[in-house]
Amino acid sequence: MPSPLFAERPSQQPPQRGQVDALISQTRRLRGEVDAVRRDAAADDDPRARWQRALCDLAVHQLDDLNAHLGQLREGVPQQPSRRPDEESGPGARDGRPLGEEATGSLLTRVGSAEWNLLTDEVSWSDELYRIVGRSPGAGPMSLDELPTLVFVEDQPLLTRLVTDCLVDGKPIDGEFRVVRADGRVRTLHMAGEPVLDGEGRTASMWAVFRDVSELRRSERAVRESRESLRLRHEQDRAQQRLAVELQEAVLPAWRGPLRLAGNGPAPLDAAGHHLASGDAGRMGGDWYDVLELPDGSALLSVGDLTGHGVSATSQTAMLLGALRGLALAGIRPGALLGHLNQLMEAAAQPALGSALCCHYDPATRTLTWAQAGHPAPLLFRDGTGRALDRPEGVLLGATASGAAYEEARVPLLPGDLLLLHTDGLTRGEAAVGADAPGAAERLLALAPRMARARDARDCVRMVVEETGGPERADDACVVAARVGDTA
């Protein structure tokens, strides 16, 4: 109810009905759009989706309240005289709804008012306030001394301070506290009010408006909790990413080249390698490479890619590389080596698929013996031109039962030949929408004239990185370059 404090103040003209109707239409349209966003966010159950839903719920509650406020503004001040609390004029009278109006949970049924006359000890409550606190109108309104009995024990000092400051110091009331209804339900109420002064400036009465903000606070609490859950999820993701990076750095070779292999043979290899990170830090995959000098003076060049991302992919990469190095040092040839790796992938605790390329180089005969498991073929650059080698048969690691055969191919090499091994992420990230990997691989072959002028393998790797690298990469990748040299 309005305070007499404002009786002598000039009042502003009420807004025109058409203006309020336009605002109500805008509010309802916006409410529908927010509700549509909320339905879209309901499909997932990850922390980000829960945070989005909580924000949408809060926005819907606030828009419902705004719509109700505007509705009251459009209807204007009620003209009918107020009834006593024990009077009933038909259905809906006890909960403050107009006749024939169904309960909607809108703000109209969640706002009540009260006034306490300090001179006559009269107390008046609106019908809505009875509904909010769950008190029967027949029991009558409660005095200021009785009001704290409805409030949580922890919140009673707050209510006492608000009322005392208002009555003694003339301060406006603005605070929230929790009440326990007669049915045991707990509601959160926001109380706003002012003292009413008599002609001599003394407090004659106090009026207050009570708003049930339980659902609003619940929505705000859900937003806070979902935001905290999302923050913890982000921290966990960052920790996982750091762990994956550290594990990958520990597994992949510490060098980038140049590295001279089979240096005691007639045709040594000058080798270099590089790992290209994905533009998305959360998509660190299982791409790997390795260059290993064997006890008999030969060398093993290998690259591969395991499915998955993060710690699980890098941990499986560590297992695979450890097995590959052990088998190579034991003298196992590329085809048989891939067969053993296939058995290992099949028996792994976390099933996964992977591609691999193993190339054995014999410096005495300058012969490359290689096998592949669902992997792009090596690129051979010679005399300023490049081509992809013909692939022997070989299925993905982990795709078939034990006993899968991996064919080998042999290619004689010449001094000055350059081999380029890479994972499919190197070309897949550069392919345009709708383009296939071979079309993207042609960009690498187009580097042949520049490769012929490169000083060493590391220069060749640098050219590839400049051509295919960049922050927009969709996946990580590995590249190994090896140039056949002379005994000089």
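Structure shown above.
Residues numbered from 1 in each chain as written. Predicted model: local features only at pLDDT ≥ 70, side-chain atom pairs only at ≥ 80, totals over all residues. Heavy atoms only, no water.

Turning to the packing of aromatic side chains, a few remarks are in order. For any pair of aromatic rings, the description rests on two quantities: the centre-to-centre distance and the angle between the ring planes. Summed over the entire model, instances satisfying the criterion amount to two aromatic pairs. Pairing Trp116 with Phe210 gives two aromatic rings, centres 6.5 Å apart and planes at 75°, and the pair type is edge-to-face. With Trp116 in strand β1 (residues 111-117) and Phe210 in strand β5 (residues 203-212), this pair connects stretches of sequence that are 94 residues apart. Taken as a pair, Trp116 and Phe210 share a single burial class, namely buried. (Phe/Tyr/Trp six-rings, centres within 6.5 Å; stacked < 30°, edge-to-face > 60°. Helix = DSSP H or I, 4+ residues; strand = E, 2+ residues; numbered from the N terminus. Buried < 20%, exposed > 50% of the residue type's maximum accessible area, 1.4 Å probe, protein only.)

Here we come to empty space enclosed by the protein. Sizing a probe to match a water molecule and rolling it over the atoms shows the empty space that remains. Under the definition given, this model contains two cavities of 30 Å³ or more. If you add up the space inside the largest cavity, you get close to 70 Å³. Around the largest cavity, the lining residues are Trp125, Leu129, Val133, Leu147, Leu150, Val151, Phe177, Val179, Leu189 and Phe210. Those elements that place two or more of their residues in the lining of the largest cavity are α3 (127-133) and β3 (173-180). When its residues are assigned to classes, the lining of the largest cavity shows ten nonpolar, no polar and no charged. (1 Å grid on protein atoms, 1.4 Å probe; cavity = no way out; pocket = protein on both sides within 12 Å on 5 of 7 lines; lining within 4 Å. Points joined across faces, edges and corners; volume = space filled by probe spheres on them. Nonpolar A, V, L, I, M, F, W, Y, C, P; charged D, E, K, R; others polar.)

Quick look at the nonpolar core now. Counting residues in hydrophobic clusters, the biggest one holds 25 residues, and the most contacted among them are Leu368, Trp370, Leu413 and Leu421. Of all the secondary structure elements, the ones that give two or more residues to this core are β7 (269-276), β8 (285-293), β9 (299-309), β10 (354-362), β11 (367-373), β14 (409-412), β15 (418-422) and β16 (477-484). Sequence-distant contacts of Leu421, that is, excluding residues within four places in its chain, are made with Leu301, Ser302, Val303, Leu357, Cys359, Pro378, Cys478, Val479 and Val480. By size, the runner-up hydrophobic cluster in this structure holds 24 residues, among which are Val133, Val179, Met206 and Ala208. (Core = buried A, V, L, I, M, F, W, Y, C linked by side-chain atoms within 4.5 Å. Contact = heavy atoms within 4.5 Å.)

Turning to helix α4 (residues 156-169), a few remarks are in order. End to end, α4 covers 19 Å across 14 residues, agreeing with the expected 20 Å (1.5 Å per residue, within 8%). All buried positions along α4 are accounted for by Leu159, Leu162, Val163 and Cys166. For α4, the buried positions fall inside an angular range of 90° around the axis, keeping them on one side. Seen from the buried face of α4, the exposed residues on the opposite side, beyond 90 degrees, are Pro157, Val168 and Asp169. The inward-facing, buried residues of α4 contact β3, β4 (186-197) and β5. Two residues or fewer after α4 comes Gly170, characterised by a positive phi angle close to 70°. (Expected span 1.5 Å × (residues − 1). Arc of directions from axis to C-beta.)

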